[in-house]
Amino acid sequence: MTRATTVRAVLAAAVLLVSVLITLTMSPRLGLDLQGGTRMVLQAKDSETAKADRESTDRTLEVLRQRIDSLGVAEPVLTRSGEDRIIVELPDVQDPRQAAEVIGRTAQLSFHAVQGPGTEEKKQATAKDGPTLPDEQGGLLDLGPVQLSGAGVKDATADFDAQQGTGWSVSLDFHKDAGKKWTGLTGEAACHPAGDERRRVAIVLDGKVISSPQVSPSVGCNVGLPSGSTQITGSFSADEARDLALLIKGGALPLPVEIVEQRTVGPTLGAAAIDASARAALIGAAATALFITVMYRLFGALAATALAAYGVISYAALVALGVTLTLPGLAGFVLAIGMAVDANVLVFERAREEYADRRNGSLRSALGAGFRNAWSAVADSNVTTLIAAGLLFFLGSGPVKGFGVTLAIGVLVSMFSALVIARALTEIAAGSRFVGDYRGVNGIARPGRIRTWLNERDPQLFRSPRRWLMVSTALVLLAVTGILVRGVDLGVEFTGGRLVEYSTSRPVDVETARDTIAAAGFTDAEVTTAGENDLSVRTGKLDNDGEHALRAALAEEGGGATKVRDELIGPSLGDELRRNALIALGVAVLVQLAYLAARFRWTFAVASVGALVHDVAILVGAFAWLGRPVDGIFLAALLTVIGYSVNDSVVVFDRVRELWARNRRAPIADVANRAVLQTVPRTVNTGMGALFILIALAVLGGDSLADFALALLIGICVGTYSSVMTAVPGALLLERSSKAPPPARKRAPGRKKSVGRPRRDPADNGARV
């Protein structure tokens, strides 16, 4: 065993040991869509006294944190997003009505002198000093300017006075300076006679008079009430008094806030999603491991062992970094298992080629050459996937960010698994005489059935590149027709509105559910089935009270209704998400084009991006024909397909560049044909590894992951086709007008220049190298 192999083995063992310790001692941080709860996105708005910037939003967040802590929610999470948004996550909160009422109200508390009775004319006009508002009984009051704000309140408690019969009230205690202002305000009011409207003090919450008591006749003029003896009275229930005290004690929000997004997931749905994803991961990974073992025998089995190590290391990385594991992120973790096979397949296929060459009769040298020659394609293909993951993180929202993080971690760990763990295992095995002597054992000493079949028939695929481009054009036209005829069903994320999914105790058919919901006053709601006892209701505008009434109507018809999922997206946020989705696609295309142009010829880059656009159009068109929703999860799948499509194109063009540099006088069409035939085994085997995982997700992942898996299944099949039959023909046509010379051959690092008899390359038609 060489020193380099020993270093790899020790490094792999150390990383694996640390990963096992982390896995056994730390628990993952689950997102709300897996553990159940409510997630809200609050949009801060400018007020008369403050601008919605980073500083004021941070102050608003701290006030909200105090309120939520008072609600008793276990382990709430509040974070600022951007300059003026606050993300609130409330685990185990299934009915967000109370939480929304408490944290969503601005609690702009103010105290005003009453200048006299108001009129409708004053109410409609813009008051110079103060507003004209109705009091508790509906009579209008002309109020003076704000004398004191809720920020001056030191404490607020809900009290019940059974002796006086006044019921529930809220007692206020002011800070020192605010107490002086309160004493002055009540002292000025006490200068007016009893019964005069001007002897009242109005207490206003969020633009509504909640109490306007008369100052007691016992209070003298300019004497006023001392701090600590003030009560807000009204027809409060116990809950209303406690909520009001909580709002006032928590402090007035520096900025008014609006709920622009709200998602609620039941704990049963999250648990079912975890179980389904775990089953899909186990079955898909087992099928992938069996496949790679059958294809590459012993070395395939060692790669499958490295794949198991990859699963442990990537999971430990997610836990150690504190990444919140969401449902799309869980799917990304499962998907990355299938994509982790890619580097191993590239290496083994290159090793097969090297072993077939008489220059490399040693199994160890062939394997080393396979790792060395596959490095360029492995690096480029993984960089393109990392670009897609980065776009998901920076331009996505909510759970889509989690998918981007897990995908990026999966890509990085897969490279470590293939280039360190799998390499150490296979190099140790290659040093065995038994493995070297028996070709049927090691897995790379024989060319493989696909490669043998292609070498025997030697099909000429690109005699007429335009024919393949015509087929691709026809597929794109079919997809565009679906978009124009059927239309794209944009999800609630992109259109705004509310989507609620219920599970009823007994089955309720769609027509009955529609009639029931319409009778409850929701005539514009769209109702679809989401399972045997599950109903999905989508409507443009529905507040929390309306959702409660809708659920009650379905419960009466279905013998009970449990809310499984609830998504509320404001129209402004829907427009923003839709715009960000288009920006993400545009940036993805431009970034991939720039990277490919830097790494390859411009003709290869343009052809690859053309194939990428071809894949996007077909995938969107397929969902239009199938009537499936296009939402944030679909966007995650689409950007993943972009990375996968470019991944395949990179492998093909990397081989084209290598073969063309060996024989610069050969026609580019012949070089491209030979490169495609050499990379087809890799393309097929890699695609099969990912398909096993996706089929398992589609069948076992449940409704939550069905559309995601379907999008990736379509995208991978289309991307595999386009990387060969669209990108390569496109590059051939572009090369006809290109004046750039063929690529120069790069000398392998550390290899001495040959001074003896020139070596013959079996793929260069007699050319000397």
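As a reminder, the structure under discussion sits directly above these lines.
Residues numbered from 1 in each chain as written. Predicted model: local features only at pLDDT ≥ 70, side-chain atom pairs only at ≥ 80, totals over all residues. Heavy atoms only, no water.

Caption draft 1: Region of the structure containing the overall build of the protein chain. What the protein chain contains, in helices and strands, is 25 helices and 18 strands. For the protein chain, the residues scored as buried account for 52% of the 769 residues in total. Expressed as a percentage of contacts within the protein chain between residues at least 6 apart in sequence, the contacts between residues at least 24 apart total 78%. Accessible surface, the protein chain: about 34,400 Å² in total, of which carbon and sulfur atoms supply 58%. (Helix = DSSP H or I, 4+ residues; strand = E, 2+ residues; numbered from the N terminus. Buried < 20%, exposed > 50% of the residue type's maximum accessible area, 1.4 Å probe, protein only. Contact = heavy atoms within 4.5 Å. Areas by Shrake-Rupley, 256 points an atom, 1.4 Å probe, with all protein chains shown as cover.)

Caption draft 2: View of the state of the cysteines. Under the defined criterion, the tally for this structure stands at 1 disulfide. Put simply, Cys191 and Cys221 are joined by a disulfide, and their sulfur atoms are 1.8 Å apart. Sign of the S-S torsion, about 80° for the bond between Cys191 and Cys221, identifies this disulfide as right-handed. Taken as a pair, Cys191 in the loop between helix H6 (176-189) and strand S10 (201-205) and Cys221 in the loop between strand S11 (208-211) and strand S12 (230-236) lie far apart in primary sequence, 30 residues in all. For Cys191, a relative accessible area of 35% corresponds to the partly exposed category. (Disulfide = S-S within 2.5 Å.)

Caption draft 3: Inspection of empty space enclosed by the protein at higher detail. For the structure shown, the criterion picks out 6 cavities of 30 Å³ or more. Counted as a void, the second largest cavity has a volume near 90 Å³. The wall of the second largest cavity is formed by Leu346, Glu349, Arg350, Asn373, Ala374, Ala377, Val651, Asp654, Arg655, Gln678, Thr679 and Arg682. Counting residues per element, the ones that place at least two in the lining of the second largest cavity are helix H10 (341-356), helix H11 (363-395), helix H22 (632-662) and helix H23 (668-700). For the lining of the second largest cavity, a count of residues per class yields 4 nonpolar, 3 polar and 5 charged. (1 Å grid on protein atoms, 1.4 Å probe; cavity = no way out; pocket = protein on both sides within 12 Å on 5 of 7 lines; lining within 4 Å. Points joined across faces, edges and corners; volume = space filled by probe spheres on them. Nonpolar A, V, L, I, M, F, W, Y, C, P; charged D, E, K, R; others polar.)

Caption draft 4: Inspection of the packing of aromatic side chains at higher detail. Under the definition given, this model contains 9 aromatic pairs. Ring geometry for Phe111 versus Phe174: centroids 5.6 Å apart, planes at 65°, classification edge-to-face. You can see Phe111 sitting in strand S5 (residues 109-117) and its partner Phe174 sitting in strand S9 (residues 167-174), a full 63 residues away along the chain. Residue classification places Phe111 among the buried residues on the basis of a relative accessible area of 0%. Of the residues examined, Phe174 reaches a relative accessible area of 4% and is grouped as buried. A connected cluster of aromatic rings, assembled from ring pairs, spans Phe111, Phe174 and Trp182. (Phe/Tyr/Trp six-rings, centres within 6.5 Å; stacked < 30°, edge-to-face > 60°.)

Caption draft 5: A look at the environment of Val537. Looking at where Val537 falls in the secondary structure, it is placed in strand S17 (residues 534-539). For Val537 and Glu501, which are 36 residues apart along the polypeptide, the C-alpha to C-alpha distance reads 6.2 Å. Setting aside chain neighbours within four positions, we find Val537 in contact with Arg498, Leu499, Val500, Tyr502, Ile517, Ala525, Glu526, Val527, Leu550 and Leu554.

Caption draft 6: Structural detail: the sheet that holds S11. Taken together, the 5 strands give an open sheet; going across it, the order is S6-S7-S5-S10-S11, and neighbouring strands pair in antiparallel fashion. Looking at which strands have only one partner, the edges of the open sheet turn out to be strand S6 (132-134) and S11. Averaged over all adjacent pairs, the angle separating strand axes in this sheet is 55°, with direction ignored. Note that S10 and S11 share 3 bridges and pair antiparallel. The partner of Val204 across the bridge, within S11, is Val209. Its contacts with the sheet put H6 on S5, strand S7 (140-149) and S10, and the angle it makes with S7 is roughly 155°. (Pairing = 2+ DSSP bridges. Axes fitted to C-alpha atoms, helices over the stretch in contact; angles between N-to-C directions.)

Caption draft 7: Focus on the pairing of S17. Burial runs high along S17: 6 of the 6 residues are buried. Of the two faces of S17, the one lined by Asp534, Ser536 and Arg538 and the one lined by Leu535, Val537 and Thr539 are each fully buried. As defined by bridge partners, strand S15 (residues 497-504) adjoins S17 across 6 bridges and the pair is classed as antiparallel. By the bridge assignment for S17, Leu499 is matched with Arg538. Summarising the sheet, strand S16 (residues 526-529) and S17 pair through 4 bridges and their orientation is antiparallel. Each bridged residue has a counterpart across the sheet, and for Glu526 the counterpart in S17 is Arg538.

Caption draft 8: Highlighting the nonpolar core. Formed by 132 residues in total, the largest nonpolar core has its most connected members in Phe299, Leu639 and Phe653. Those residues in contact with Leu639, other than ones at most four positions away along the chain, are Ala388, Leu391, Leu392, Ala584, Leu585 and Ala588. Counting residues in each nonpolar core, the second largest holds 24 residues, with Ala178, Trp182, Leu185 and Phe236 among its members. (Core = buried A, V, L, I, M, F, W, Y, C linked by side-chain atoms within 4.5 Å.)

Caption draft 9: View of helix H19 (residues 544-558). Over its 15 residues, H19 runs 21 Å from end to end, which matches the ideal 21 Å to within 8%, given 1.5 Å per residue. Note on H19: the residue one or two positions beyond its end, Gly559, has a positive phi of about 70°. (Expected span 1.5 Å × (residues − 1).)

Caption draft 10: Quick peek at the pattern of salt bridges. Summed over all chains, the structure comprises 27 salt bridges. Arg352 serves as the salt-bridge partner of Glu349, at 3.5 Å between the closest nitrogen and oxygen. Of this pair, Glu349 and Arg352 both sit in helix H10, 3 residues apart, roughly one helical turn. Here Glu349 and Arg352 have matching classes, each one buried. In this structure, the salt-bridge partner of Glu567 is Arg565, at a minimum N-O distance of 3.7 Å. For Glu567, a relative accessible area of 13% gives the class buried. (Salt bridge = Lys/Arg side-chain N within 4 Å of Asp/Glu carboxyl O.)

Caption draft 11: Summary view of the side chain of Arg263. Checked against the element boundaries, Arg263 lands in strand S13 (residues 257-265). Only 2.5 Å separates the side chain of Arg263 from the side chain of Glu261, close enough to count as a polar contact. Among the polar contacts listed, one links the side chain of Arg263 to the side chain of Glu567, at a separation of 3.3 Å. Setting aside its immediate chain neighbours within four residues, Arg263 contacts Gly37, Thr38, Arg39, Glu493, Asp566, Glu567 and Ile569. (Polar contact = N/O pair within 3.5 Å; in protein donor to acceptor, adjacent residues only side chain to side chain.)

Caption draft 12: Highlighting the environment of Leu550. Mapped onto the fold, Leu550 is located in helix H19. Taking relative accessible area as the criterion, Leu550 reaches 2% and is therefore assigned buried. Spatially, the C-alpha atom of Leu550 lies 6.4 Å from that of Ile517, the residues being 33 residues apart in sequence. When near neighbours in sequence (up to four residues on either side) are disregarded, Leu550 contacts Tyr502, Ile517, Phe522, Val537 and Leu542.

Caption draft 13: How the structure looks around the sheet that holds S17. The strand order across the open sheet formed by 8 strands is S3-S4-S2-S13-S18-S15-S17-S16, and the pairing between neighbours is antiparallel. The open sheet has two edge strands with one neighbour each: strand S3 (77-81) and S16. Across the sheet, the mean angle separating the axes of adjacent strands is 20° when strand polarity is ignored. Strands S16 and S17 of the sheet are contacted by helix H18 (residues 510-519), whose axis makes an angle of about 150° with S16. Sheet strands in contact with H19 are S13, S15, S17 and strand S18 (561-569), and its direction is about 30° off that of S15.

Caption draft 14: Main features of a nonpolar patch on the surface. On the surface, Leu478, Val480, Leu484, Val485 and Trp625 cluster together into a nonpolar patch covering about 490 Å² of accessible area. With 4 residues, helix H16 (residues 465-485) is the single largest residue contributor to the nonpolar patch. With respect to the helices, strands and loops of the structure, Leu484 is situated in helix H16. For Leu484, a relative accessible area of 68% puts it in the exposed group. (Patch = residues over 30% accessible without salt bridge, like charges linked within 9 Å, V, L, I, M, F, W, Y side chains within 5 Å.)

Caption draft 15: Fine view of H6. Along its 14 residues, H6 runs 20 Å from first to last C-alpha, staying within 8% of the 20 Å computed at 1.5 Å per residue. Within H6, the full set of buried residues consists of Ala178, Gly179, Trp182, Leu185, Thr186, Gly187 and Ala189.

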